[in-house]
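Architecture at a glance
What follows is the residue order along each chain.
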Amino acid sequence: MNERILEIENLTVSFDGFKALNDLNFSLETGELRVVIGPNGAGKTTFLDTITGKVQPTEGTVRFKGRNLRDRKEHEIARLGIGRKFQTPRVYLNLTVGENLDLACNRQKGVFQTLFKKPTHGDRLTVAGLLETIGLTPKVDLKAALLSHGEKQRLEIGMLVAQSPDLLLVDEPVAGLTDEETENVGNLLLALAESHSIIVIEHDMEFVRQIARRVSVLHQGSLLCEGTMDEVQNDRRVIEVYLGQ
Ligand code: ADP
């Protein structure tokens, strides 16, 4: 059996007594791609916020590569190897695609040091590899502002990967995308899953079906069920939660 990269035990997060997460147990094996679904208010955002250290557990533990993340700051957790992609792309619109990636590769050096220096041979190779992965090689010199929404999503995923995380947390990457862009993002995540552990939060069920091997369903802050897409879709409890039957 694979080693577990993430282990969450009996996790409760209360906001003024309201339990956004309620005794949640969850684990992810190294190299696994998991999709987490659940109705609005199920606790999906709080789940990601707790893994990245934005929110602290009220009770329970989050372990990443065997380390308890309690009381660690967000930047420290990021440095341990967890990268998060938010729903809306956060790219530098006035910089080119290549400059955005170069910056992401050299984040620790700062914006100005990176932009006003000549990229090293190593930097160029890394950026070229990233461009290939995200399918934006022909757009390297285009300002990010001129990219489509789907291309911006792929660029930001590339920027995240540039920081060499072991675990990628991806929040609703295809909201508002065309079918073609959705498929491109799906193929990118599947390619990245060959060398990363990934958790994707998503509502778009067609997309979930495209990428998911295993799905976890959150409901009222707890894990309702887990399984393949077919198992989950045919689970009576899931049908009740989604359709209110
Ligand atoms: P989801 O992402 O699945 O829609 P959230 O994690 O955003 O769910 O929210 C879960 C529940 O916790 C919701 O009822 C939400 O109103 C509540 N909640 C989330 N964050 C806070 C907060 N900072 N203060 C109070 N309640 C919150």
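In what follows, the accompanying structure is described. (Residues numbered from 1 in each chain as written. Predicted model: local features only at pLDDT ≥ 70, side-chain atom pairs only at ≥ 80, totals over all residues.)

Examining the overall build of the protein
Under the convention used in this document: Only runs of H or I of at least four residues qualify as helices and only runs of E of at least two qualify as strands under DSSP, and these elements are numbered from the N terminus. As a rule, residues whose C-beta atom has 12 or fewer other C-beta atoms within 10 Å are exposed, those with 20 or more are buried, and those in between are partly exposed; C-beta atoms are placed from the backbone. Our contact criterion uses C-beta atoms placed from the backbone: two residues qualify when those atoms are within 7 Å.
Scanning the protein for helices and strands turns up ten helices and ten strands. Expressed as lengths along the three principal axes of its C-alpha atoms, the size of the protein is roughly 55 × 40 × 40 Å. Taken over 245 residues, the protein has a buried fraction of 40%. Long-range pairs, those at least 24 residues apart, make up 65% of the contacts in the protein between residues at least 6 apart in sequence.

Overview of the sheet that holds strand E6 (residues 82-85)
Inclusion rule: Any two strands between which DSSP finds at least two bridges are classified as paired. Angles shown run from 0 to 180 degrees and are taken between the N-to-C directions of axes, each axis being a line fitted to C-alpha atoms and, for helices, limited to the stretch in contact.
Taken together, the six strands give an open sheet; going across it, the order is E6-E7-E8-E3-E9-E10, and neighbouring strands pair in mixed fashion. Across the chains shown, the open sheet's two edge strands, defined by having one partner strand only, are E6 and strand E10 (222-227). Geometrically, the sheet is characterised by an average inter-axis angle of 20° between neighbouring strands, direction not taken into account. By the bridge criterion, five bridges tie strand E9 (residues 214-219) to E10 in an arrangement that is antiparallel. Paired with Ser 216 across the bridge in E10 is Glu 226. Packed on one face of the sheet, helix H1 (residues 44-51) meets strand E3 (33-37), E6, strand E7 (167-171), strand E8 (197-201) and E9 and runs near 150° to E7.

Observations concerning unusual backbone geometry
Positive phi values are uncommon outside glycine, yet Asp 16 reaches one of about 50°. By secondary structure assignment, the location of Asp 16 is in the loop between strand E1 (4-15) and strand E2 (18-29). In this model, Lys 65 sits at a positive phi of 50°, which is unusual for a non-glycine residue. Along the polypeptide, Lys 65 turns up in the loop between strand E4 (59-64) and strand E5 (67-68).

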